Amino acid sequence: MRCGLGVAASLVCVASLAAACGADEEGGVPVVNLYNSPQQNIDAIADRCTRLAAGRYRIVVNVLPRDADGQREQMVRRLAAADPGLDVLGLDVTWTAELAQAGWIREWTGEHAERARAGTLAKPLETAMWRGRMYAAPYTTNVQLLWYRGDLVERAPRTWRELMEAAAKLAAQGRPHYGEVTGAQYEGLVVWFNSVVVSAGGSILTPDGMRVALGPPALKALRVMRDYARSKAADPSLPNTHEDEARLAVEGGRAAFEVNWPYVYASMAANKPELLPSFRWAPYPGIDGPGASPLGGANFAVSRYSRHPEESFQAALCLRDAESQKTAAVKDGLPPTIEAVYDDPEMVRPYPMRQAILDALKSAAPRPKTPTYQNVSTVTSAILSPPAAIDPPATLAELREQIADALRSKGVLP
């Protein structure tokens, strides 16, 4: 989950042309090929780092497909072919373990690792680790908050049950009442489930990522999700809702609440400025109190097959330094992983919720860390969809069986 604002997709290297992309040197200057998801200001960030390199290397930005599955598929297939045209890789936080286990990305050690760790928030740093070793440098992070219309409710709900009750009261008054969640059959549904499980005191997998850990907390989470999907809080379109549908429902006046990433604040300011004074935020809802927010973001890794590994590590460090992260935060809506950036005066206006983000990061819920995460995610979203059809005991048994099978798969390729 790497939400950003104003992104502009421009696919530079498609799979069919992969062999033609990725120059090695230009005029004797090593070329560092960055493969990243669409981000409006990534070229400006890369240009600054090229200038700072003073001829040691030049960064070329290659834009991956907009959807996460397409991004992963392109990189995985090229890495499996030992393609030397990939240098710095922009990874979703859930891919670190998979690519590290496959031996496709280099470990960060020595001074490079020290510089990447310095001042980096703990939770984002965890996403760059696999089996005690560092395989990426955190670039951006993300957490979901509960966003709500302060002109409709005086106090933010703290739990999913309170959210259902508040929605029911608003519905009885004939006012906007839906609480938007990502209930479509995709990664967003897994994110919702994982966070409710963690909020209930459990986890999907064991800490080593080798076994299924679903137990009583997961049963409680399934009951919450089913009850929510059948309540007045549930938008009829919940089984088809992604982040943007949730955002638009609040901006359009149909919904009073949404659980979503911070980019929705800037979107509200741009699209519905008249609603911004009453658009408020609160901690992610939980079971008995505030819950564990979903954790998103992106990391920079260096390909095992890069012809210029030293230049690639240096480029990655510049691409994720404080100045680069501030640009990504202020101009693209991507929260920083370096804590000091939140104190920068330029963060005040676009991030009035910055302290809430920092607070949420202390207890955020990372998704399961496993080399087969893609398999785990796919079967989980299929079993949980649609949420209103969840039968807690039966669904839990199916999840345990199917996720166990997914963990035994070698499925690195899609």
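Because the structure is a prediction, the values reported are computed rather than measured. (Residues numbered from 1 in each chain as written. Predicted model: local features only at pLDDT ≥ 70, side-chain atom pairs only at ≥ 80, totals over all residues. Heavy atoms only, no water.)

**Topic: the nonpolar core**
Moving on, step 1. W160, W192, F193, L214, Y228, F257 and I403 are the most contacted members of the largest nonpolar core, which totals 47 residues.
Moving on, step 2. If you list the elements that add at least two residues to this core, you get β8 (145-149), α6 (160-172), α7 (187-199), α8 (216-229), β10 (255-260), α14 (373-384) and α15 (392-408).
Moving on, step 3. It is α8 that provides the largest number of residues to this core, a total of seven residues.
Moving on, step 4. Ignoring anything within four residues of it in the chain, the contact list for Y228 reads W160, L163, M164, G179, E180, V181, W192, A233, A234 and L238.
Moving on, step 5. Listed in part, the 31 residues of the second largest apolar core include I45, Y57, Y139 and C318. (Core = buried A, V, L, I, M, F, W, Y, C linked by side-chain atoms within 4.5 Å. Buried < 20%, exposed > 50% of the residue type's maximum accessible area, 1.4 Å probe, protein only. Helix = DSSP H or I, 4+ residues; strand = E, 2+ residues; numbered from the N terminus. Contact = heavy atoms within 4.5 Å.)

**Considering the confidence of the model for the protein**
Moving on, step 1. When the pLDDT values of the protein are averaged, the result is 92; 93% of them are 70 or greater.
Moving on, step 2. pLDDT under 50 marks residues 1-22. Its contacts with residues more than four places away, or in other chains, come to 70 contacts.
Moving on, step 3. Across residues 410-414, where pLDDT falls below 50, the model places 16 contacts with residues more than four positions away in sequence or in other chains. (pLDDT = per-residue confidence, 0-100.)

**Thoughts on the pattern of salt bridges**
Moving on, step 1. For the coordinates displayed, the defined rule picks out 20 salt bridges.
Moving on, step 2. Two residues, D208 and R211, come together in a salt bridge whose shortest N-O distance is 3.5 Å.
Moving on, step 3. Given a relative accessible area of 35%, D208 falls into the partly exposed group.
Moving on, step 4. Linking R247 and D244 is a salt bridge whose minimum nitrogen-to-oxygen distance equals 3.2 Å. Taken together, the residues R247 and D244, both in helix α9 (residues 243-251) and three residues apart, mark about one turn of the helix.
Moving on, step 5. The partly exposed category is assigned to D244, whose relative accessible area is 38%. (Salt bridge = Lys/Arg side-chain N within 4 Å of Asp/Glu carboxyl O.)

**Section: the environment of G253**
Moving on, step 1. Mapped onto the fold, G253 is located in the loop between α9 and β10.
Moving on, step 2. On the basis of relative accessible area, G253 is assigned to the partly exposed category, the value being 28%.
Moving on, step 3. It is 9.9 Å that separates the C-alpha atoms of G253 and K272, two residues lying 19 residues apart in sequence.
Moving on, step 4. Among all residues touching G253, those that are not within four sequence positions of it are R149 and P176.

**Regarding the layout of surface pockets**
Moving on, step 1. Approximately 450 Å³ is the volume found for the second largest pocket.
Moving on, step 2. Of all the secondary structure elements, the ones that give two or more residues to the lining of the second largest pocket are α3 (96-101), α5 (122-126) and α7.
Moving on, step 3. Across the lining of the second largest pocket, the residue classes break down as 13 nonpolar, eight polar and four charged. (1 Å grid on protein atoms, 1.4 Å probe; cavity = no way out; pocket = protein on both sides within 12 Å on 5 of 7 lines; lining within 4 Å. Points joined across faces, edges and corners; volume = space filled by probe spheres on them. Nonpolar A, V, L, I, M, F, W, Y, C, P; charged D, E, K, R; others polar.)

**Here we look at the packing of aromatic side chains**
Moving on, step 1. Tallying each qualifying case throughout the model produces nine aromatic pairs.
Moving on, step 2. Judged by centre distance (4.8 Å) and plane angle (90°), the ring pair of W108 and F313 falls under edge-to-face. Taken together, the residues span a long stretch of sequence, with W108 in the loop between α3 and α4 (110-117) and F313 in helix α11 (residues 309-319) at a distance of 205 residues.
Moving on, step 3. Judged by relative accessible area, which is 2%, W108 ranks as buried.
Moving on, step 4. Given the relative accessible area of 8%, F313 is considered buried. (Phe/Tyr/Trp six-rings, centres within 6.5 Å; stacked < 30°, edge-to-face > 60°.)

**Regarding unusual backbone geometry**
Moving on, step 1. A cis amide bond, omega -5°, links S385 with the succeeding residue P386.
Moving on, step 2. Relative to the helices and strands, P386 is located in the loop between α14 and α15.
Moving on, step 3. Unusually for a residue other than glycine, A54 sits at a positive phi of about 50°.
Moving on, step 4. Counting through the fold element by element, A54 comes out in the loop between α1 (42-53) and β3 (58-63).
Moving on, step 5. A positive phi angle, near 50°, is found at R131, a position not held by glycine.
Moving on, step 6. With respect to the helices, strands and loops of the structure, R131 is situated in the loop between β5 (129-130) and β6 (133-134).

**Considerations on α6**
Moving on, step 1. An ideal rise of 1.5 Å per residue puts 18 Å on 13 residues; α6 measures up with 19 Å between its terminal C-alpha atoms.
Moving on, step 2. If you follow the buried residues of α6, they end up packed against β8, α7, α8 and β10.
Moving on, step 3. Just downstream of α6 lies G174, where phi reads positive at about 70°. (Expected span 1.5 Å × (residues − 1).)

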